[in-house]
Amino acid sequence: MKNFKKPTEESKAVQYVLIGTSVLFLSLFLLLPLAIIFTTAFQKGLDTYWASISNSEALAAIKLTLIVVAIVVPLNTLFGIISAWLISKYSFKGKNLLLTLIDLPFAVSPVISGLIFVLLFGAQGLFGTYLLEHDVYIIFALPGIVLATLFVTVPFVARELIPLMQAQGQSEEEASHSLGASGLQTFIHITLPKIKWGLLYGVILCNARVIGEFGAVSVVSGHIRGLTNTMPLHIEVLYNEYQFTAAFAVASLMTILALFTIIIKNLIQWRTKETTL
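Definitions and cut-offs
- Throughout this description, residue numbers start from 1 for each chain and increase along the sequence as written.
- In keeping with the model being predicted, local features are shown solely for residues with a pLDDT of at least 70 and side-chain atom pairs are shown and tallied solely at 80 or more, while totals for entire chains, interfaces and linings include all residues.
- To get the side-chain values, all heavy atoms of the structure are used, and hydrogens and water are removed first.
- UniProt positions are given in the numbering used here, feature names are shortened, and annotations may be inferred rather than shown by experiment.
- Secondary structure elements are defined from DSSP: runs of H or I of at least 4 residues count as helices, runs of E of at least 2 residues count as strands, and each element is numbered from the N terminus.
- Each residue gets one of three labels from its accessible area relative to the maximum for its type: buried under 20%, exposed over 50%, partly exposed in between, using a 1.4 Å probe on protein chains only.
- Domain start and end points were adopted from an automatic or database domain assignment.
- The contact criterion used is simple: two residues touch if any of their non-hydrogen atoms lie within 4.5 Å.
- Salt bridge, as used here, is a side-chain nitrogen of Lys or Arg placed within 4 Å of a carboxyl oxygen of Asp or Glu.
- In protein, a polar contact means a hydrogen-donor-capable atom and an acceptor-capable atom, both N or O and within 3.5 Å, with residues adjacent in sequence counting only if both atoms are side-chain atoms; elsewhere, any N or O pair within 3.5 Å suffices.
- Basically, the charged four are Asp, Glu, Lys and Arg, the nonpolar ten are Ala, Val, Leu, Ile, Met, Phe, Trp, Tyr, Cys and Pro, and anything else, Gly included, counts as polar.
- Under the pairing criterion, centres of Phe, Tyr and Trp rings, with the six-membered ring standing for Trp, must be within 6.5 Å; the plane angle then separates stacked pairs below 30 degrees from edge-to-face pairs above 60, leaving the rest tilted.
- By the criterion adopted, a ring carries a charge over it if an Arg CZ or a Lys NZ lies within 6 Å of its centre and within 35 degrees of its normal.
- Joining through side-chain atoms within 4.5 Å is the link that ties buried Ala, Val, Leu, Ile, Met, Phe, Trp, Tyr and Cys residues into a set, and such a set is a nonpolar core.
- Here an angle of 0 to 180 degrees is reported between the N-to-C directions of two axes, which are lines fitted to C-alpha atoms, with helices fitted over the stretch in contact.
- Throughout, the term roughly parallel applies to angles under 35 degrees, roughly antiparallel to angles over 145, roughly perpendicular to angles from 65 to 115, and oblique to all others.
- Two helices cross in a left-handed way if the nearer one is turned anticlockwise from the farther one by less than a right angle. They cross in a right-handed way if the turn is clockwise.

- Under an unreviewed UniProt entry, the chain has the name Sulfate transport system permease protein and belongs to Kurthia zopfii.
- Recorded in UniProt under Subunit (unreviewed entry), the annotation for the chain is "The complex is composed of two ATP-binding proteins (CysA), two transmembrane proteins (CysT and CysW) and a solute-binding protein (CysP)."
- The UniProt entry for the chain carries the following comment under Function (unreviewed entry): "Part of the ABC transporter complex CysAWTP (TC 3.A.1.6.1) involved in sulfate/thiosulfate import. Probably responsible for the translocation of the substrate across the membrane."

## Examining the UniProt feature "transmembrane region" (unreviewed entry) in the chain
At step 1: Per the UniProt record, "transmembrane region" (unreviewed entry) is found at residues 16–38, 58–86, 98–124, 136–158, 199–224 and 244–264.
At step 2: Segment residues 16–38 splits into 100% helix and 0% strand. End C-alpha atoms: 30 Å apart.
At step 3: As annotated, residues 244–264 comprises 100% helix and 0% strand, and the C-alpha atoms at either end are separated by 30 Å.

## Describing helix H12 (residues 231–240)
At step 1: Of all ten residues making up H12, seven are buried, and the element is well covered by its neighbours.
At step 2: Taken as a whole, H12 has its buried residues at Met231, Pro232, Leu233, His234, Ile235, Val237 and Leu238.
At step 3: Downstream of H12 by one or two residues, Tyr242 has phi in the positive range, about 65°.

## What about the domain arrangement of the chain?
At step 1: Splitting the chain by domain gives domain 1 (1–42) and domain 2 (45–275).
At step 2: Between domain 1 and domain 2, the C-alpha centre-to-centre distance is 32 Å.
At step 3: The interface is formed by six residues belonging to domain 1 together with eleven residues belonging to domain 2.
At step 4: For the interface between domain 1 and domain 2, the tally reads zero salt bridges.
At step 5: Viewed at the interface, domain 2 and domain 1 are joined by one residue pair in polar contact (both at pLDDT 80 or more).
At step 6: In the side of domain 1 that touches domain 2, the residues fall into five nonpolar, one polar and no charged.

## As for the packing of aromatic side chains
At step 1: With the rule as written, the count across this model stands at eight aromatic pairs.
At step 2: Here Phe42 and Tyr49 contribute two aromatic rings whose centre-to-centre distance is 4.1 Å and whose plane-to-plane angle is 15°, an arrangement assigned as stacked.
At step 3: Under the relative-accessibility criterion, Phe42 is labelled partly exposed at 36%.
At step 4: By relative accessible area, which is 8% here, Tyr49 ends up buried.
At step 5: Ring geometry for Phe106 and Phe156: centres 5.7 Å apart, planes at 80°, overall edge-to-face. Pair noted here: Phe106 is in helix H4 (residues 95–107) and Phe156 is in helix H8 (residues 155–168), with a separation of 50 residues, a long-range link.
At step 6: An aromatic cluster of three or more residues is present, and its members are Phe117, Phe121, Phe127 and Phe151.
At step 7: If you follow Lys89 out to its NZ or CZ, it ends over the ring of Trp85, 5.9 Å from the centre.

## With respect to the nonpolar core
At step 1: Core analysis: the biggest nonpolar cluster contains 47 residues, and Leu161, Ile162 and Val210 have the highest contact counts within it.
At step 2: Sorting the residues of this core by element identifies helix H3 (56–89), H4, helix H7 (142–153), H8, helix H10 (183–212), helix H11 (215–221), H12 and helix H13 (244–276) as the ones contributing at least two each.
At step 3: Once residues lying within four places of it in the same chain are set aside, the contact partners of Leu161 are Gly80, Ile81, Ala84, Ile195, Gly198 and Leu199.

## What to know about the packing of H7 against H10
At step 1: Closest axis-to-axis distance for the H7/H10 pair is 10 Å, and the angle between their directions is 135°. What the angle tells us is that H7 and H10 run oblique. Relative to H10, the crossing made by H7 is right-handed. Residue-level inspection shows Thr149, Val152 and Thr153 of H7 in contact with H10, the latter providing Cys206, Arg209 and Val210.
At step 2: Among the residues making up the contact of H7 with H10, the classes are represented as three nonpolar, two polar and one charged.

Structure (C-alpha cells):
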C-alpha cells in the first residue's frame, strides 16, 4: 500500500513555496490596495486630508453612518438573541421556515433588497400614497436607510449564536428553572456567560457590514448630499467627481474602522479559544 506524506512532512522547499505564494498573494491583493488608499489620501498633505474629512458633507456622511450603526446593531443584536434562543431551545412548527428567512439576506442581492423597500414605501409603492398623505417619509430618508441596512444585516448575530447555543444544550437552563429561576434570570446568569464571546463576535461582524453597506442603501437613499449619503455613498460621489484625494481620505477612515474591527474580532477569537481550553 502506497504511503502518503502528511502536509507537515513536506520538504522545506515545498513549504517555502507555499508560504511565499501566500505572502505574494496577500501583498498584491491586500497590502498593496491598503497602501494605495493611504498614500493617495495623504499625497496632498495633512491639511488637504483634514479638509477632506472635516467638511460639512463628509461630517454629515460620518454622522449618518454612526446613527445607522447606533440603530441597526442593537436591533439586530436583540433579534439575534431572541431568534437563537427560540430556535435552539424550542421545537415548533415553522422552525425551518424561520431559519430560511434568517438566511434570506445572504441569498438576495443588496440592490434587490433596496428595491423591495422602494416598491413598498416609494411614491408609487404599495404604501406610498398613504405615507405621502400623512407626511411620512421612508424612502430617501433615514428610516429607509435603516430598514434596508437592517434587512441586509439580519443574519449576522443570529447565525453566530444559533449553532453555539444548540451545541451547549439545555441541561443547565433546565436545572435553573427547576430551582425557581425566571427565564430572564436564567438567561443573564446561565446562558449569557456561555455565549458572550460569540455574541460579541456577531455584533462586530454586524457592525462592520452596517458601516460598509452600499448596494441597498444606494437604492433607498436618493444620494442627497449632506442628508442621505453614508460614508460609502459619499466616497462614490467624490470619486465620480474626480476628487480622488478626498475620496481616498474618507476611504481611509473606513479602512481604519475595518482594521480596528478585524483586530477586535481576532482578539475575541483568541479569547474564545482560550476559554474553551
